[in-house]
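Listed below, chain by chain, are the residues.
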Amino acid sequence: MWDLIQKYNFSLLHLLSSFTLPIIIVLLGLKSNFSLIADISILQSIIFMIFFPFSGYSRNYILNSSENDLIQSILNFRSLLYLPLILFSLLISYYIVSLDFKMLLLMVIVGSSFWFIEIFLTEAEKQKSSCITITLILFNLIGLIYLFSSEINLNSIRNYLFFLFIIYAPFISYTFLKNIFNVNFKNLKTTFKNKILRQIGGTTVVGLSSFILKFFLLLILPKTIAGTIFLGYTIGAALCTTITYSFIPSVIFNNYIKLKRAFITFCIIFCMAGILVIIIKYFKITILNKNQDLFLICSLFSLGGSLISIFSQYYKLYVSHIITDLNVFLYELLINLITIILVILAVLFLNEYGSVFTYILSGICSLYVYKNLFKKLKELDQ
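In this numbering scheme, every chain counts its residues from 1 along its sequence in written order. Residues qualify for local features only when their pLDDT is at least 70, as the model is predicted, and side-chain atom pairs are given and counted only at 80 or more; totals for whole chains, interfaces and linings, by contrast, use all residues. Side-chain calculation: all heavy atoms of the structure are included, whereas hydrogens and water are not.

A.B. asks: Run through unusual backbone geometry, naming residues and quoting values.
C.D. replies: Only a minority of non-glycine residues have a phi that is not negative, and only a minority of peptide bonds are not trans. The phi torsion at Lys284 lies on the positive side, around 55°, for a residue other than glycine. Residue exposure (1.4 Å probe, protein chains only): buried if accessible area is under 20% of the type maximum, exposed if over 50%, otherwise partly exposed. On the basis of relative accessibility, which here comes to 70%, the residue Lys284 falls in the exposed class. Phi at Asn351 is positive, roughly 60°, even though this residue is not glycine. Each helix corresponds to a stretch of at least 4 residues labelled H or I by DSSP, and each strand to a stretch of at least 2 residues labelled E; elements are numbered beginning at the N terminus. Checked against the element boundaries, Asn351 lands in the loop between helix H14 (329-350) and helix H15 (358-381). Given the relative accessible area of 49%, Asn351 is considered partly exposed.

Have a look at this one:
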């Protein structure tokens, strides 16, 4: 057990730094503040849409690469783009999200902080140095304890975000200043061309599709209904997001994967979630003050799609680990285009309940595409 903790504390820190806004969304759901949930969900999608395309699955690359200059080139790249992307995120959010500018700025800065933390903790994981990561995890847990024990409102959310800002600011500032004035453009050009550029198309499609779908739902549905759906997405898809971006790179790095056992475990999780929903319905347990049925169905369907997506993302990251120049743009474009079109049609015919199929459709399409790629790769190895 301790060995697993030592191996995966890096993944836990990645999870905590990436899930700042989703945690707030879930806690707001307990207060049934669906209007604010809708705003923060859209803001989260904007940050994801702008920052994720330039990530290039760097965590997976760094863990499984023997290139010494790779980390430095990625840090140079992110330092050069960080402020422009922050400003671009603010510009878009200012005209779409109904939040005070100071709160908006704080959310964008803290919500995008994972961009630098990801590289730091991945480098630490590769060197098996966990002292600072464990310290950051403890600070994050202190912040979460405050948030869980507080009345969830804009003031407590602001305090929580400011606490995280204080924690992250020295690290981000040091990393940013160190790398912005120490750019090796030759190495950066090579890394960008060979490692990042090939992935930008695929990651852009993923980020843009997420934003387009949520923005579409916000336009055609009442804000409180859209907020309920986004809450269901956040809870249902959390498992896939957690495992895909925080744990699967570590799993591949440590060669610790047993797909059959994982499949059985995830099926049990899904069955338990289904039983929980049935119990809530049968005993008429009130979780939300309104839109509870939509929330439960959306969460359950999103969890089901999330479980399917876990395996498709494992195949995807495994293939991209083996074929580092794989251009996934066409695959992601096909998967997300089909998903968006089908979900839009479902919403038009079934109203808000059509949106619950989003992650099921995305998961099935993604699994079909990347499992076939995985099989072809295995056939070539034989």
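A.B. asks: Break down the packing of helix H2 (residues 20-30) against helix H3 (residues 34-51) for me, citing the residues and quoting the values.
C.D. replies: Between two packed helices, the angle of one axis relative to the other and the distance separating the axes together describe the packing. Only C-alpha atoms enter the line fits that serve as axes; for helices the fit covers just the stretch in contact. Angles between N-to-C directions range over 0 to 180 degrees. It is at 10 Å that the axes of H2 and H3 come closest, and there the two elements cross at 165°. Regarding the angle of H2 to H3, the classification is roughly antiparallel. For the pair H2 and H3, the crossing hand works out as left-handed. Where H2 abuts H3, its residues Leu21, Pro22, Ile24, Ile25, Leu28 and Gly29 lie against Leu36, Ile37, Ile40, Ser41, Gln44 and Ile47. Looking at side-chain class alone, the contact of H2 with H3 contains nine nonpolar, three polar and no charged residues. Oblique is the label for every angle not falling under 35 degrees (roughly parallel), over 145 degrees (roughly antiparallel), or within 65 to 115 degrees (roughly perpendicular). It is the rotation of the near helix from the far one that decides the hand of a crossing: anticlockwise by less than a right angle makes it left-handed, clockwise makes it right-handed. Contact criterion: two residues are considered in contact whenever any of their non-hydrogen atoms come within 4.5 Å of each other. Residues are sorted three ways: Asp, Glu, Lys and Arg are charged, Ala, Val, Leu, Ile, Met, Phe, Trp, Tyr, Cys and Pro are nonpolar, and all the rest, Gly among them, are polar.

A.B. asks: For the layout of surface pockets, give the residues involved together with the corresponding values.
C.D. replies: A 1.4 Å probe that fits but cannot get out identifies a cavity on a 1 Å grid over protein atoms alone, an open set with protein on both sides within 12 Å along at least five of seven lines counts as a pocket, and a residue lines either if it has an atom within 4 Å of a point. Grid points are joined across faces, edges and corners, and a volume is the space filled by probe spheres set on the points. In this structure, the second largest pocket occupies an estimated 450 Å³ of space. If you trace the second largest pocket, you find 22 residues lining it, with Ile235, Gly236, Leu276, Phe295 and Ser299 closest to the centre. Those elements that place two or more of their residues in the lining of the second largest pocket are H2, helix H11 (223-254), helix H12 (259-282) and helix H13 (292-322). Taken together, the residues of the lining of the second largest pocket break down into 18 nonpolar, four polar and no charged.

A.B. asks: Account for the pattern of salt bridges, with residues named and values stated.
C.D. replies: As a working rule, side chains carrying opposite charge can pair if their charged atoms are close by. In what follows, salt bridge is the name for a side-chain nitrogen of Lys or Arg lying within 4 Å of a carboxyl oxygen of Asp or Glu. Under the defined criterion, the tally for this structure stands at four salt bridges. A salt bridge links Lys31 to Glu151; the shortest N-O distance between them is 3.4 Å. With a gap of 120 residues between them, Lys31 in the loop between H2 and H3 and Glu151 in the loop between helix H8 (131-148) and helix H9 (154-180) connect regions that are remote in the sequence. For Glu151, a relative accessible area of 51% corresponds to the exposed category. The salt bridge partner of Glu118 is Arg78, with a shortest N-O separation of 2.9 Å. Residue Glu118 is located in helix H7 (residues 114-126), and its partner Arg78 is located in helix H5 (residues 70-96); the two are separated by 40 residues in the primary sequence.

By themselves these figures say nothing about function.
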